[in-house]
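# Remarks on the overall topology
If you want the building blocks of each chain, they are given just below.
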Amino acid sequence: MKKLLFHLSIWWQYAIALLFSFFFGFPLIWMFYSSLKSSRELISNIWALPTHPTLNAYGLVLEVPEFKLYYLNSIVITVISVILLTFLAAMAAFVFARIHFSGSQVLFYFFLAGMMIPPHVTLIPLYSMLREMGLLNKLISLLFPYVGFGLPVSIYILRVYFEQIPLELEDAARIDGASTVRIFWSIFLPISQPALLTVIILSVISVWNEYLFALTLVSGNNQSYTLPLGVLSMVISFSSLQYDRALSALSLTALPVLFFFFLMHRQIIKSLVAKTLN
């Protein structure tokens, strides 16, 4: 009887997981297979699978020069933001976890307070500040909110992980003559790969999909558009019957971050398993 109840509980977990996967995954699946249909076929039956799959809409979207520019802008700002954010968060988390000084806890809670502030309430002061600095409508202006608002949660994740690393490793390294910087680079960062990958994944998804800051800070210069902002302007410019092009543009926008997530997700699991075995 207990064995039966155990199996039933497992099946219920799988059923709930499958239900959530369907609700969250079906819109993406529908977007991808609908992008392979012509607009006429899509209008005639919106839910049906494509009877004559075609990549013509993808070719038409990729022929738009602005789309390639938007793609490049998103890649550049995502790579720079994530590298800078991860580097700063790792250093700050190491200091809060291992270097004790007067006021360290107060300063840490000051950083955590950023998690409770809705980022978009800072749009007006941030806009005014960047305008005074002459950075408005430039791609670099997006670095400030992307890095600044990503720091609190990234520092929290990494600090918690750093605190779980045994003090004996650090003490042994200091006995061998390692400096604090060497301990950070050679011990803490390699050991903390799962936490670092988690921060990278969250940052990539957040920066790649961000829209409102881009709309506020770079909308005056279409050469600085990121993909969410650029694709919206493209979709608006399409005629009301060009649904295939709109879905193709959206699919091309979602594809890299989905691929990145699934790739890095497997690496996180492998890292966690390896750490457990060790």
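Whatever comes next refers back to the structure up there.
The text that follows walks through the structure, step by step, so that each part is easy to find. All residue numbers here refer to positions counted from 1 along the written sequence of the relevant chain. Reporting of local features is limited, given that this is a predicted model, to residues whose pLDDT is at least 70; pairs of side-chain atoms are given and counted only at 80 or more, and all residues count toward the totals for whole chains, interfaces and linings. Hydrogen atoms and water are omitted, and side-chain values are computed over all heavy atoms in the structure.

### Regarding the overall build of the chain
- Secondary structure is summarised from DSSP: a helix means a run of H or I of at least four residues, a strand means a run of E of at least two, and numbering begins at the N terminus for each. Scanning the chain for helices and strands turns up 13 helices and zero strands.
- When the helices and strands of the chain are listed from N to C terminus, the series reads α-α-α-α-α-α-α-α-α-α-α-α-α.
- Over its C-alpha trace the chain gives a radius of gyration of 23 Å, far above what one expects of a compact globule, namely 19 Å for 278 residues.
- Viewed in the frame of its principal axes, the chain has a C-alpha envelope of about 70 × 70 × 30 Å.
- Expressed as a percentage of its 278 residues, the buried residues of the chain come to 38%.
- Contacts between residues were defined by any pair of non-hydrogen atoms, one from each residue, lying within 4.5 Å. In the chain, once contacts between residues fewer than 6 apart in sequence are set aside, the share between residues at least 24 apart is 74%.
- All accessibility values rest on the Shrake-Rupley procedure with a 1.4 Å probe; residue burial counts only the protein chains present in the view. As displayed, the chain has an accessible area near 16700 Å², and 72% of this comes from carbon and sulfur atoms.
- Of note, the chain has its 15 positive side-chain charges centred 7 Å away from the centre of its 11 negative side-chain charges. Each radius of gyration is computed over the set of C-alpha atoms, and the globule rule expresses the reference value as 2.2 Å times the number of residues to the power 0.38. Burial here depends on accessible area, computed with a 1.4 Å probe over protein chains only, as a share of the maximum for the residue type. Under 20% is buried, over 50% is exposed, and the range in between is partly exposed. The charge count includes Lys and Arg as positive and Asp and Glu as negative, but it does not include His or the ends of the chains. To locate a charge, the coordinates of NZ of Lys, CZ of Arg, CG of Asp or CD of Glu are taken.

### Examining the pattern of salt bridges
- One side-chain nitrogen of Lys or Arg within 4 Å of one carboxyl oxygen of Asp or Glu is enough to make a salt bridge. In this structure the tally under the stated criterion is three salt bridges.
- With its nearest N and O atoms 3.2 Å apart, the salt bridge here joins Arg98 to Glu170. With Arg98 in helix 4 (residues 65–98) and Glu170 in helix 8 (residues 167–175), this pair connects stretches of sequence that are 72 residues apart.
- Accessibility expressed as a relative area gives 13% for Arg98, which makes it buried.
- A relative accessible area of 7% means that Glu170 is categorised as buried.
- Across the salt bridge formed by Glu163 and Arg159, the nearest N and O atoms sit 3.2 Å from each other. You can see Glu163 and its partner Arg159 sitting in helix 7 (residues 143–163), four residues apart, about one turn around the helix.

### Details of the side chain of Ser74
- Along the chain, Ser74 turns up in helix 4.
- As used in this structure description, the phrase polar contact means that two N or O atoms lie within 3.5 Å; if the pair is within protein, one of them must be able to donate a hydrogen and the other to accept it, and residues adjacent in sequence are counted only when both atoms belong to side chains. Of the polar contacts made by the side chain of Ser74, one reaches the backbone nitrogen of Leu227; its length is 2.7 Å.
- In this view, Ser74 contacts Trp208, Thr226, Leu227 and Pro228; residues no more than four positions away in its chain are not counted.

### Considering the environment of Ile140
- In this fold, Ile140 is placed in the loop between helix 6 (123–133) and helix 7.
- For Ile140, a relative accessible area of 45% corresponds to the partly exposed category.
- Sequence-wise, Ile140 and Ser224 are 84 residues apart; in three dimensions their C-alpha atoms are separated by 9.0 Å.

### Topic: the side chain of Ser154
- With respect to the helices and strands, Ser154 occurs in helix 7.
- Exposure remark for Ser154: the relative accessible area of 3% places this residue in the buried category.
- Other than its neighbours up to four places away in sequence, Ser154 contacts Leu85, Ala89, Val199 and Ser203.

### Considering the packing of helix 4 against helix 9 (residues 180–191)
- With their axes 12 Å apart at the nearest point, helix 4 and helix 9 run at an angle of 110° to one another. Between helix 4 and helix 9, the interaxial angle falls into the category roughly perpendicular. Together, Phe87, Ala90, Met91, Phe94 and Arg98 of helix 4 and Thr180, Phe184, Trp185, Phe188 and Leu189 of helix 9 make up the contact between the two elements.
- Residue classes in the contact of helix 4 with helix 9 are distributed as eight nonpolar, one polar and one charged. Note on geometry: axes are lines fitted to C-alpha atoms, helical ones only across the stretch in contact, with angles between N-to-C directions running from 0 to 180 degrees. Working definition: roughly parallel below 35 degrees, roughly antiparallel above 145 degrees, roughly perpendicular at 65 to 115 degrees, and oblique for all remaining angles. All amino acids are sorted into three groups, where Ala, Val, Leu, Ile, Met, Phe, Trp, Tyr, Cys and Pro are nonpolar, Asp, Glu, Lys and Arg are charged, and the leftover types, Gly among them, are polar.

### Brief notes about the nonpolar core
- Buried Ala, Val, Leu, Ile, Met, Phe, Trp, Tyr and Cys residues form a nonpolar core when they are joined through side-chain atoms within 4.5 Å. Within the largest apolar cluster, 59 residues are counted, with the highest numbers of intra-cluster contacts made by Phe67, Leu142, Ile155, Leu158, Phe162 and Leu217.
- The leading source of residues in this core is helix 4, at 13 residues.
- Setting aside chain neighbours within four positions, we find Ile155 in contact with Ala89, Ala92, Ala93, Phe96, Phe108 and Phe111.
- If you look at the next biggest cluster of nonpolar residues, it comprises six residues, including Met31, Tyr33, Leu42 and Leu247.

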